Amino acid sequence: MASAAAKKTFATLMKSFNATPRWTLRHFKQNLQEGMDKESWKMMLPGVRSSAQVAELKDSMKVLDALTDEELDGRTGVEGLRMTRVSRKSEQSRAYCADVLTRYEQTVLLHGWVRARDAKGLPQPETLEDATFLMSRDPAARPPPNSRVNRAMRTVQRRGRRRGF
């Protein structure tokens, strides 16, 4: 049953991807909000409201709620002092805010990959696991070199060079 729910949620995400030419933070926020709304009956059950996934979803929504319209629409990047403002307003650490934005950038990569597959007439994956597997095998799905998604790897490479590896 959980598998069927996950497939249905992923199918909804795929429809959103195909209907949207450019995936923004506003779309990402709406997607998370829809996920919370669909699961709202579960949040009323005892013990579920305090689960780690629900808490993380609520914290992510706090970060996204702290963004301005320009940031949500992609007209302004969230870096430097803007990140500090978002961090303070959402009452989350800068690292957590950066993590939420990294997850957004990963969905941007997935959005681009799905749209490219659709344009080529290739079959679409049915689950997120299938999409992740297919993306990992597709050289066109690699993130751009200066992407936030690559920051952790660049840090490891920099440290390795300093240590002589």
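Let me sum up the structure you'll find in this document. (Residues numbered from 1 in each chain as written. Predicted model: local features only at pLDDT ≥ 70, side-chain atom pairs only at ≥ 80, totals over all residues. Heavy atoms only, no water.)

Notes on the overall build of the protein chain
Scanning the protein chain from N- to C-terminus turns up nine helices and zero strands. Element order for the protein chain, N to C, with α for helix and β for strand: α-α-α-α-α-α-α-α-α. Looking at the protein chain as a whole, 30% of its 165 residues are labelled buried. In the protein chain, once contacts between residues fewer than 6 apart in sequence are set aside, the share between residues at least 24 apart is 58%. (Helix = DSSP H or I, 4+ residues; strand = E, 2+ residues; numbered from the N terminus. Buried < 20%, exposed > 50% of the residue type's maximum accessible area, 1.4 Å probe, protein only. Contact = heavy atoms within 4.5 Å.)

Examining helix H7 (residues 94-120)
The terminal C-alpha atoms of H7, which comprises 27 residues, lie 39 Å apart, in line with the 39 Å expected from a rise of 1.5 Å per residue. Among the residues of H7, those classed as buried are Tyr96, Cys97, Val100, Leu101, Thr102, Tyr104, Thr107, Leu110, His111, Trp113, Val114 and Arg117. Looking at the residues trailing H7, positive phi occurs at Gly121, about 80°. (Expected span 1.5 Å × (residues − 1).)

A few points about the environment of Lys58
Its location among the elements puts Lys58 in helix H4 (residues 52-65). By relative accessible area, which is 33% here, Lys58 ends up partly exposed. Here the alpha-carbon distance between Lys58 and Leu32, two residues 26 residues apart in the chain, equals 9.5 Å.

Section: the packing of aromatic side chains
In total, this model carries two aromatic pairs according to the counting rule given. Aromatic pair Phe17 and Trp23: ring centres 4.7 Å apart, planes at 85°, arrangement edge-to-face. Considered together, Phe17 and Trp23 belong to a single accessibility category, that of buried residues. On the numbers, 5.8 Å between centres and 65° between planes, the contact of Phe28 with Tyr104 is edge-to-face. (Phe/Tyr/Trp six-rings, centres within 6.5 Å; stacked < 30°, edge-to-face > 60°.)

Comments concerning the environment of Ser16
Relative to the assigned elements, Ser16 resides in helix H1 (residues 2-19). Residue classification places Ser16 among the partly exposed residues on the basis of a relative accessible area of 25%. For the pair formed by Ser16 and His111, sequence separation is 95 residues and the distance between their alpha carbons is 9.1 Å.

Some points on the pattern of salt bridges
Scanning all chains against the criterion turns up three salt bridges. The partner of Arg26 in a salt bridge is Asp69, with the nearest N and O atoms 3.2 Å apart. Pair noted here: Arg26 is in helix H2 (residues 25-38) and Asp69 is in helix H5 (residues 69-72), with a separation of 43 residues, a long-range link. Relative accessible area serves as the criterion here: at 26%, Arg26 is assigned to the partly exposed category. Its salt-bridge partner being Lys29, residue Asp65 comes within 2.9 Å of it at the nearest N-O pair. Residue Asp65 is found in helix H4, and its partner Lys29 is found in helix H2; the two are separated by 36 residues along the sequence. Residue classification places Asp65 among the partly exposed residues on the basis of a relative accessible area of 44%. A relative accessible area of 21% places Lys29 in the partly exposed class. (Salt bridge = Lys/Arg side-chain N within 4 Å of Asp/Glu carboxyl O.)

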